Amino acid sequence: MRADVPLHRSLLLRLLAVSVLVSVCSIAATAWLTARSTTVAIRQEQGQALADDARTYDTLLGYAATHPGWDGAGKVVRRLARDTGRRVTITTERRVPVVDSDTGPPATLPARPTASIDPLHVDTVLAAASGAPLAQGTPLASVPDHIDPRAVGPFLLPGKERDALRTAAERRAACLRGSFGAAATIADSPSGRPVLDTEGARPYSETRCVSTVLDRPTATEAKALAALQKLVDNCLERRHESKVRLNLDFTWTPLPAPVPAQAATDDGPRGSVVPECVTSSRREQLAPYVAPPALLFISSRGGDTSTAFDLSPENQARIAGVAALVLLITVTAGVMAGTRLSRPLRALTDAVRNMEEGRAARVEVRGKDEIGRLAAAFNAMAERRERLEELRKAMVGDVAHELRTPLSNIRGWLEAAQDGLADPDPELVSSLLEEALLLQHVIDDLQDLAVADAGELRVHAEPVDVADLLAQVATAHRGGAEAAGVTLVTRADGRLPLVADPVRLRQAVGNLVSNAVRHTPPGGTVSLLAHRADGDVVIDVADTGSGIAPDDLALVFERFWRVDKSRSRRSGGSGLGLPIARKLAEAHGGSLSATSVVGEGSTFTLRLPAHGPAGARSPGPDRRTR
Ligand code: ADP
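Given the structure is predicted, the values throughout are model-derived calculations rather than measurements.

Calculation notes
- Residues numbered from 1 in each chain as written.
- Predicted model: local features only at pLDDT ≥ 70, side-chain atom pairs only at ≥ 80, totals over all residues.
- Heavy atoms only, no water.
- Helix = DSSP H or I, 4+ residues; strand = E, 2+ residues; numbered from the N terminus.
- Buried < 20%, exposed > 50% of the residue type's maximum accessible area, 1.4 Å probe, protein only.
- Lys, Arg positive; Asp, Glu negative; His and termini not counted.
- Salt bridge = Lys/Arg side-chain N within 4 Å of Asp/Glu carboxyl O.
- Polar contact = N/O pair within 3.5 Å; in protein donor to acceptor, adjacent residues only side chain to side chain.
- Patch = residues over 30% accessible without salt bridge, like charges linked within 9 Å, V, L, I, M, F, W, Y side chains within 5 Å.
- Areas by Shrake-Rupley, 256 points an atom, 1.4 Å probe, with all protein chains shown as cover.
- Charge placed at Lys NZ, Arg CZ, Asp CG, Glu CD.
- Expected span 1.5 Å × (residues − 1).
- Contact = heavy atoms within 4.5 Å.
- Bend = angle between axes of the 7 residues up to and from the residue.
- Pairing = 2+ DSSP bridges.
- Axes fitted to C-alpha atoms, helices over the stretch in contact; angles between N-to-C directions.
- Disulfide = S-S within 2.5 Å.

Peer 1: Could you give an account of the side chain of Asp 501, naming the residues involved and the relevant values?
Peer 2: Its place among the elements puts Asp 501 in the loop between strand S11 (497-500) and helix H13 (502-518). An unpaired buried charge is present at Asp 501: no salt bridge exists, and Arg 504, the closest side chain of opposite charge, is 4.7 Å distant. Within the local environment of Asp 501, its side chain forms a polar contact with the backbone nitrogen of Val 503, the two atoms lying 3.1 Å apart.

Written as structure tokens, this is what we have:
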């Protein structure tokens, strides 16, 4: 980078800053989007895992409630593992494995078990979190004693009693339906006792459709209830509490207290002692019928015990690494693109400096993109500038040359007269005057051209009769033409009205006629012809003179250009007549062109719009037409 471009203005740096900014924004947006969608996915995954865990827990709890040990639980555990796609391990409370769904090496158990399986102390938190009912539609709220309802122990009815109860229940349901039109459905409780749901018929079912079979405990239930009653009695006695009579649904009815005063004082404690005794007695009674408490471990297969999404230091390092890589790629791409962009610009800057210092200035054109086109345009401009510079130098040289010769003549003769070597007779004076006039002529021509180049050539347009104008020019040159033995002819096709500056137009046509007379040998003819064509007035100045070679014809409108360089200015001109005539034509909104055949003659054609110039000023030098 060049030292003279301030760093903060450097194209490369700015490009780099923009691309880094864009990539940082895109990394941030992508990270945010990814984190959001990953969080949603993880939440769904965790939700599913929680539901699976709750189902596994509930199933195993049901197994524990209905089996005295874990020996036969392998099949259930494997099925659960297969269904959930996770490893299920059951251990004792001391973490000694009892059942494992996978046969491989022993699982590396997580620090904390998923749950503790104890049907007599149900983990209500896990069950409630999963939203699942504890078992067979029994909502958690109905087991405040934390004893799984599926643990029925000695209350499990034998088939015979079950059938008898079922028959009685069906009979009663039919009675209720028939008497009250009430919907009555029968469901099985875990012990096998049918439960009659009478819904709206409840008030009537108390008095009508009574079934003694259904309302009384069966023999099995009576035996189990008696055993439980005994345990409760013992408990209450230990705690100095008056006795109660247990019902089949483990509610109780207070028995009349032996000392009324004591019963009154017992009202308070009985509220919590009795349920405690009932619950502990039930646990004591059920303990031999349920599986011992165990720990449940649910882990992902392959030993990965955690599926939680956390941004561990490794994950953070990984994200930082990827972000750094993206940034590195962006910076590299930015540097490459910036270098590609700034290199041609630097080349252009160098070329402009070369141009300022007058050296050749070109840049390499690569590709056709904007920079390629800029380089091509710069080269074209540099070329044109060099051409103009050459033209300017040549013109200064030409002007000096044109002025020097007549000035030298004048000075030479005047010095000779001063030294007495020449006699200042009328002939010498008229010769000096002729040289002075020539000088005047060249200077006038140069001034006309300078005015035209500056776009300040004023055209005072007015209606002109072309036939009259041609006649005036012919009259002005007739003397010279006759002296040269050349015939001057004018012809106009009828009346040709034209809006033009008569003085400037006479000057232009006069230049053409004087050239034609000068280049036509004695006996030849110069014709001034005018006609109308497509709304334009066309004036031809044709001669039967020497003609101009095709190569020269292209150059006759250049300044100071003469076909015969050796010819004296007296017989020729300054080389400014045709450029001035063309400028005048263009100032009128028209054109000047030439055709010629060597040895036969030349025709110069002036074409002017009949309605006159659009403005009364001359156009710039670039609007020249050949
Ligand atoms: P000049 O003052 O020398 O005539 P011009 O610009 O009028 O300058 O003409 C340029 C050159 O064009 C002349 O020197 C001459 O060689 C050539 N030229 C112009 N008109 C004619 C013509 N009618 N026939 C042949 N050559 C001509």
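Having seen it, we continue.
Peer 1: For the pattern of salt bridges, give the residues involved together with the corresponding values.
Peer 2: Under the counting rule described, the total for this entry stands at 15 salt bridges. Asp 100 is paired through a salt bridge with Arg 87; the nearest N and O atoms lie 2.9 Å apart. Highlighted residues: Asp 100 in strand S2 (residues 97-100) and Arg 87 in strand S1 (residues 86-91), separated in sequence by 13 residues. The exposure class assigned to Arg 87 is buried, which follows from its relative accessible area of 11%.

Peer 1: Could you give an account of a positive patch on the surface, with specific residues and numbers?
Peer 2: Taken together, Arg 55, Lys 75, Arg 79 and Arg 82 make up a surface patch of like positive charges. Examining the composition of the positive patch, we find that three residues originate from one element, helix H2 (residues 74-84), more than from any other. Within the secondary structure layout, Arg 82 lies in helix H2.

Peer 1: Quick one: what's the story with helix H9 (residues 313-356), residue by residue and with numbers?
Peer 2: For H9, with 44 residues, the first-to-last C-alpha span of 61 Å sits near the 64 Å given by 1.5 Å per residue. Those residues of H9 not exposed but buried are Thr 330, Gly 334, Gly 338, Ser 342, Leu 348, Ala 351 and Met 355. Of the surrounding secondary structure, the elements contacted by the buried residues of H9 are helix H1 (11-66) and helix H10 (370-418). Of the residues one or two after H9, Gly 358 is the one with positive phi, at around 85°.

Peer 1: Account for helix H12 (residues 466-483), naming residues and giving values.
Peer 2: The terminal C-alpha atoms of H12 lie 26 Å apart, and with 18 residues this matches the ideal 26 Å at 1.5 Å per residue to within 8%. For H12, the principal kink sits at His 477 and spans about 50°. Taken together, the buried positions of H12 are occupied by Val 466, Leu 469, Leu 470, Val 473, Ala 474 and Ala 481. You can read the cap of H12 off the contacts: a side-chain oxygen lies 3.2 Å from the backbone nitrogen of Ala 467, and it is on Asp 465. Directly beyond the C-terminal end of H12, a positive phi value near 75° is found at Gly 485.

Peer 1: Tell me what's going on with the sheet that holds strand S12 (residues 525-533), and back it up with residues and numbers.
Peer 2: An order of S10-S12-S13-S15-S14 is seen for the five strands of this open sheet, with the pairing classed as mixed. Among the strands making up the open sheet, the edge pair consists of strand S10 (487-492) and strand S14 (591-597). For this sheet, the mean inter-axis angle between neighbouring strands, taken without regard to orientation, is 15°. Pairing between S12 and strand S13 (residues 536-543): eight bridges, direction antiparallel. Paired with His 531 across the strands is Val 538, a residue of S13. In the packing of H12 onto the sheet, the strands contacted are S10, S12 and S13, and the crossing angle to S10 comes to about 180°. Taken strand by strand, H13 contacts S10, S12, S13, S14 and strand S15 (601-609), and its axis lies near 25° from that of S13.

Peer 1: Before we move on, could you go through the sheet that holds S2 and cite the residues and values that matter?
Peer 2: Strand pairing within a sheet occurs via backbone hydrogen bonds; the two strands may be parallel or antiparallel. Here we have four strands laid out as an open sheet, ordered S2-S1-S8-S3, and antiparallel in their pairing. The sheet terminates laterally at S2 and strand S3 (115-117), the two strands that pair on one side only. Sheet twist, expressed as the average angle between the axes of neighbouring strands with direction ignored, equals 30°. Where S1 and strand S8 (residues 294-300) come together, six bridges link them in antiparallel fashion. Each residue of the ladder has a partner; that of Arg 87, found in S8, is Ser 299. H1 contacts S1, S3 and S8 of the sheet and is inclined by roughly 15° relative to S3. Each of S1 and S2 is contacted by H2, which is oriented at about 150° to S1, the strand it contacts most.

Peer 1: Talk me through the state of the cysteines; I want residue IDs and the actual numbers.
Peer 2: Under the defined criterion, the tally for this structure stands at one disulfide. Residue pairing for Cys 235: its cysteine sulfur links by disulfide to Cys 277, the two sulfurs lying 1.9 Å apart. Where Cys 235 bonds to Cys 277 through sulfur, the torsion about that S-S bond is close to -75°, and the disulfide is left-handed. Here the residue Cys 235 occupies a position in helix H7 (residues 219-238), and Cys 277 occupies one in helix H8 (residues 260-286), the gap between them amounting to 42 residues. Take Cys 235 and Cys 277: they sit in the same class, and that class is buried.

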